[in-house]
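This is what each chain is made of:
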Amino acid sequence: MDKPSRILFRACQIAMTLSCALLYSATTTNYHALIIASLILALPLFVRNKMRYNDRTLIYTIVFFLIVSYVFDLIFPTDKNNYFLIGDIFATGVSAPFLLFLASSTVLFTYNEHAFGASTALCLTSVLLTSDVNWALSGLSRSAYLYFYLANVLLVTISLIVGLQANRRLFLISTGIVQRSNLLRNRILLVCLAILVSICITLVGGGLLVKFESKITAMDLLVSKYALFYMQRGRVTVFSKEVNLNRTIAPETRRNSEKIIMRAFSPSPPGYLRGRVYDRYSSGRWTDGDSENVKMRMVRQDDVFSFSRFLDPDASEDVFKDESMTLMPDDKFMSDVLLVPGATRGIDAMATSVSRNLSGVVSPSDWNSSSGYTPYVPQKTGMDSARNSPSPPFKIDYLQVPEHLNTCLENYLKELFEKRGSYTFESDQDFADFLQNHFVSTYRYKLHHSAPEKPGEEPIVSFIARKDGHCELFATAMLLLLRKSGLPARYVTGFICEERNPLGEHYVARLGNAHAWLEVYLRDQKKWVLCEPTPAEGISNFKHSMGAFSSFLDMLKASFLKMADDVRKGFFAKAVIDFFLAIIGIFKSRLWLSALLFLALASVLLFIGRRKFAAKRRYDYMTSPGRLKASKHFFRSMDKISSGLGVARKKFRSIEAWISALNERAPHASIEISELFQEYQRLRFSSIDPGKDECRVFAQRLLLLKRSLDKK
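Residues numbered from 1 in each chain as written. Predicted model: local features only at pLDDT ≥ 70, side-chain atom pairs only at ≥ 80, totals over all residues. Heavy atoms only, no water.

### Topic: the side chain of T534
No. 1: Here T534 shows up in the loop between β23 (527-531) and α15 (548-568).
No. 2: Other than its neighbours up to four places away in sequence, T534 contacts V440, Y445, C471, F474, H515, A516 and I539. (Helix = DSSP H or I, 4+ residues; strand = E, 2+ residues; numbered from the N terminus. Contact = heavy atoms within 4.5 Å.)

Quick look at the structure:
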């Protein structure tokens, strides 16, 4: 094979692949793709024997590089928020390196005329995916990134043009075709012309892009906006910065109440997980105040780089010795705050920073939402404790009560105290317990609570009159009564996570476990405590709704998420242990017996079905119109000939024996009879169905044989 052409071909292939890998690595700052692609391209220097193209080598190569791409994405993840529309749909962090690795792997195979085209298609697809990544990640200015991108595209185009011609020459040489010198010169001129045209198109296109950048960007944002809206329809957003009691529960929320949005790996039930905290109430709406966020202190770890540890400013590192749990949000759950127990003092998370406001709401920055996080809770406080901050509660919002509700609340408190027979309590805890027991025992939980009958009526006034409603109304009513009595209180929303998977070592929280409660500050004890005024039937639990198969699938998904999270954090040994624990869980579930029985039954049915289908195909094959016509002509004519010769066709006699008997009775026509029998076998058992003309000629020959025998 022509050595200069081979060198030029490989040089173009390497230049194109490395250019695309450099573009991806520089844009996403994930340089592992460039390093691995370079190592693959350099491998033929050390390994002389190349692989042959066949199904096995291709499948093994694809699977291997897919695993490599996914593992490196787990170890060096790219924030999904840095992708736009295409990157979010096709998971650029995995798909682009995977395509680059496959394009690089073509150098490991023997020469094939289609390999360069496949490699080019893979590289161009990776460029398309890379173009949808936030350019600001590269650290370049907008104009510098644009020129860098155009330069890479131009290099890929030139490599493509030259490489295609080198590939064509190698193919002609491999097939023994010698190209004439004048044709070769013409090819070289065409390549040079194509390169010049490509340079002109790139420069003109870049100029137009710079000139109309604002319009193109506006159109891109408009398309991305509607596309992202369409993509996020199935995602669930529970917490907003406002709670409106005037609205009823959305039908979509009720329909998807059993959707799992969180999995918790914990030795005990996580219980109440706080999301957002609200302190100002007005006309049926809760809003969070303008409390300042304080960054949690980051703890340096010498042996861990993939995740960070964050502590409350006044907490010590001994917190990380306390009880912990690993929380894994579902990919359909969207939230800008972390769900944590109230007494959390430390957090492990893959984030650049974590902040908390005075009410204890945890907000991460640059958090990898596909990974889990680990809150640490002091054992002495318990999981269901409140956030003991600020103490004392100096925020005036914790005592805020709308003026138009003062009369209603005072009258209701007076009514309660008169029924009790006393206006005094031994402690703030006794008063909080009194109100909590009153709502639990006197009121009725009703999820499908209708809006107030009168327009503009206060939801709390309607709730007190009807004595039924959902958890938001229970928490709001008790909180306002506490504030009216002088006790600071705040409104909390989150999830209750107490449902344990029967087969796994984890707990799940569903959308129906979204809940609202309150925290009250006990002045005499100088601490915050959690209060639950909602009756037990209103605290949603699905402890008996997870069937055997659904719990099995959830266990598999939870095990996969846990292993992936361990790999991201660099705990490879722990990931291996989790893998074997998942296998043990599968055998403990005993569903593997059902799976084996199902597979065995499916195999038997498939075997029977294949046999019947094959028999039907054979029957259809043998009963085609042409074959039936040929058989009909042959047996009708030969029966008449047999009757004339006095040779009866016995029932159990084979056709060969019958034809032999006819040849013995009419030796003068034995050659013609044998030829017609062979023609019959050809028409009857040929892979091609005989046509009308063949059947007509065959019938005429049979008729001529009969007439000749009748004359003799």
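### Digging into helix α11 (residues 406-420)
No. 1: Its 15 residues give α11 an end-to-end C-alpha distance of 21 Å, which sits within 8% of 21 Å, the value for a rise of 1.5 Å per residue.
No. 2: Every buried residue of α11 is accounted for by L409, Y412, L413, L416 and F417. Burial along α11 is one-sided: seen end-on, the buried residues are contained in an arc of 135 degrees. Turned more than 90 degrees away from the buried face of α11, the exposed residues are T407 and K419.
No. 3: Remark: G421 follows α11 within two positions and exhibits a positive phi of approximately 90 degrees. (Expected span 1.5 Å × (residues − 1). Buried < 20%, exposed > 50% of the residue type's maximum accessible area, 1.4 Å probe, protein only. Arc of directions from axis to C-beta.)

### A few points about the pairing of strand β9 (residues 308-311)
No. 1: Here strand β8 (residues 297-299) runs beside β9; their pairing, made up of 3 bridges, is antiparallel. Paired with V299 across the strands is R309, a residue of β9.
No. 2: Of the strand pairs in this sheet, β9 and strand β13 (residues 346-349) are connected by 4 bridges, and their pairing is antiparallel. Counted as the bridge partner of L311 is G346 from β13. (Pairing = 2+ DSSP bridges.)

### Focus: the packing of helix α5 (residues 92-105) against helix α6 (residues 115-130)
No. 1: Relative orientation of the contacting elements α5 and α6 amounts to 155 degrees, with a least axis distance of 8 Å. When the interaxial angle is binned, α5 and α6 end up roughly antiparallel. The interaxial crossing formed by α5 with α6 has left-handed handedness. Contact residues: α5 offers T92, S95, A96, L99, L100, L102 and A103, while α6 offers S119, L122, C123, T125, S126 and L129.
No. 2: The residue makeup of the contact of α5 with α6, split by class, is 8 nonpolar, 5 polar and no charged. (Axes fitted to C-alpha atoms, helices over the stretch in contact; angles between N-to-C directions. Parallel < 35°, antiparallel > 145°, perpendicular 65-115°, else oblique. Left-handed = near helix turned anticlockwise from the far one by under 90°. Nonpolar A, V, L, I, M, F, W, Y, C, P; charged D, E, K, R; others polar.)

### A short note on a positive patch on the surface
No. 1: On the surface, K629, K632, R636, K640 and K692 cluster together into a patch of positive charge.
No. 2: When residues in the positive patch are grouped by element, the largest group, 4 residues, is from helix α18 (residues 625-645).
No. 3: Its place among the elements puts K692 in helix α21 (residues 692-711).
No. 4: Residue K692 is classed as exposed on the basis of its relative accessible area, which comes to 69%. (Patch = residues over 30% accessible without salt bridge, like charges linked within 9 Å, V, L, I, M, F, W, Y side chains within 5 Å. Areas by Shrake-Rupley, 256 points an atom, 1.4 Å probe, with all protein chains shown as cover. Salt bridge = Lys/Arg side-chain N within 4 Å of Asp/Glu carboxyl O. Lys, Arg positive; Asp, Glu negative; His and termini not counted. Charge placed at Lys NZ, Arg CZ, Asp CG, Glu CD.)

### Observations concerning a nonpolar patch on the surface
No. 1: Taken together, L43, L45, F46 and V47 make up a surface patch of nonpolar side chains, about 440 Å² in accessible area.
No. 2: Relative to the assigned elements, L43 resides in the loop between α2 (32-42) and α3 (55-75).
No. 3: Using a relative accessible area of 38% as the deciding quantity, one classes L43 as partly exposed.

### So, the environment of P535
No. 1: As for its placement among the helices and strands, P535 is situated in the loop between β23 and α15.
No. 2: Residue P535 is classed as buried on the basis of its relative accessible area, which comes to 1%.
No. 3: Measuring from C-alpha to C-alpha, the distance between P535 and R444 comes to 7.2 Å, with 91 residues separating the pair along the chain.

### A closer look at the packing of α3 against α15
No. 1: Packing of α3 against α15 leaves a shortest axis separation of 7 Å and a crossing angle of 65 degrees. On the basis of their axis angle, the class for α3 and α15 is roughly perpendicular. For the pair α3 and α15, the crossing hand works out as right-handed. On α15, the residues touching Y70, L74 and I75 of α3 are F560, A564, V567 and R568.

### Things to note about the sheet that holds strand β19 (residues 489-497)
No. 1: Judged by pairing direction, the sheet is antiparallel, and its 4 strands sit side by side in the order β4-β19-β22-β23 without closing on themselves. The sheet terminates laterally at β4 (271-278) and β23, the two strands that pair on one side only. Strand-to-strand, the axes of this sheet are offset by a mean angle of 40 degrees, without reference to chain direction.
No. 2: In terms of strand pairing, strand β22 (residues 514-522) meets β23 through 5 bridges, oriented antiparallel. By the bridge assignment for β23, L522 is matched with K527.
No. 3: Helix α14 (residues 471-484) rests against β19, β22 and β23 of the sheet, and its axis sits at about 15 degrees to β22.

### A word on the pattern of salt bridges
No. 1: Inspection of the entire model under this criterion finds 21 salt bridges.
No. 2: Here K557 and D330 are joined by a salt bridge, their closest N and O atoms 3.1 Å apart. Here K557, found in helix α15, pairs with D330, found in the loop between β11 (326-329) and β12 (333-334); they are 227 residues apart in sequence, far enough to count as distant.
No. 3: The exposure class assigned to K557 is partly exposed, which follows from its relative accessible area of 35%.
No. 4: You can call D330 buried: its relative accessible area is 9%.
No. 5: The closest approach of N and O atoms between D468 and R444, which form a salt bridge, is 3.3 Å. Of this pair, D468 sits in strand β18 (residues 468-469) while R444 sits in strand β17 (residues 444-445), and the two are 24 residues apart along the sequence.

### A look at the nonpolar core
No. 1: Core analysis: the largest hydrophobic core is formed by 41 residues, its most contacted members being L482, Y491 and V520.
No. 2: Put simply, the parts of the chain that give this core at least two residues each are α11, α12 (428-442), α13 (459-466), α14, β19, β22 and β23.
No. 3: The biggest single contributor to this core is α14, with 10 residues.
No. 4: With residues up to four places along the chain from it excluded, the contact list for V520 reads A432, L482, L487, P488, A489, K527, W528, V529 and C531.
No. 5: Within the second largest apolar cluster, 30 residues are counted, among which are A33, L100, V107 and A166. (Core = buried A, V, L, I, M, F, W, Y, C linked by side-chain atoms within 4.5 Å.)

### Thoughts on α18
The α-helix advances 3.6 residues per turn, and as a result positions three or four apart in sequence lie on the same side.
No. 1: The terminal C-alpha atoms of α18 lie 30 Å apart, and with 21 residues this matches the ideal 30 Å at 1.5 Å per residue to within 8%.
No. 2: All of the buried residues along α18 are G626, R627, A630, S631, F634, S637, M638, I641, S642 and L645. Viewed end-on, α18 has its buried residues packed into an arc of 155 degrees, placing them on one side of the element. Structural note: α18 exposes P625, S643 and G644 on the side pointing more than 90 degrees away from its buried face.
No. 3: Positioned one or two residues after α18, G646 has a phi angle of 75 degrees, which is positive.

### Brief notes about the packing of aromatic side chains
No. 1: In total, this model carries 23 aromatic pairs according to the counting rule given.
No. 2: An angle of 50 degrees between the planes, with centres 6.1 Å apart, marks the rings of F417 and F431 as tilted. Here F417 is found in helix α11, whereas its partner F431 is found in helix α12, with 14 residues between them in sequence. The two residues F417 and F431 agree in class, both being buried.
No. 3: Linked through ring pairs, F417, Y423, F425, F431 and F434 together constitute an aromatic cluster.
No. 4: Just above the ring of F434 sits the side chain of R420; from NZ or CZ to the centre is 5.7 Å.
No. 5: Taking the ring centre of W528 as reference, the NZ or CZ of R490 above it sits at 3.8 Å. (Phe/Tyr/Trp six-rings, centres within 6.5 Å; stacked < 30°, edge-to-face > 60°. Lys NZ or Arg CZ within 6 Å of the ring centre and 35° of its normal.)

Bear in mind that shape data such as this cannot, by itself, settle questions of function.
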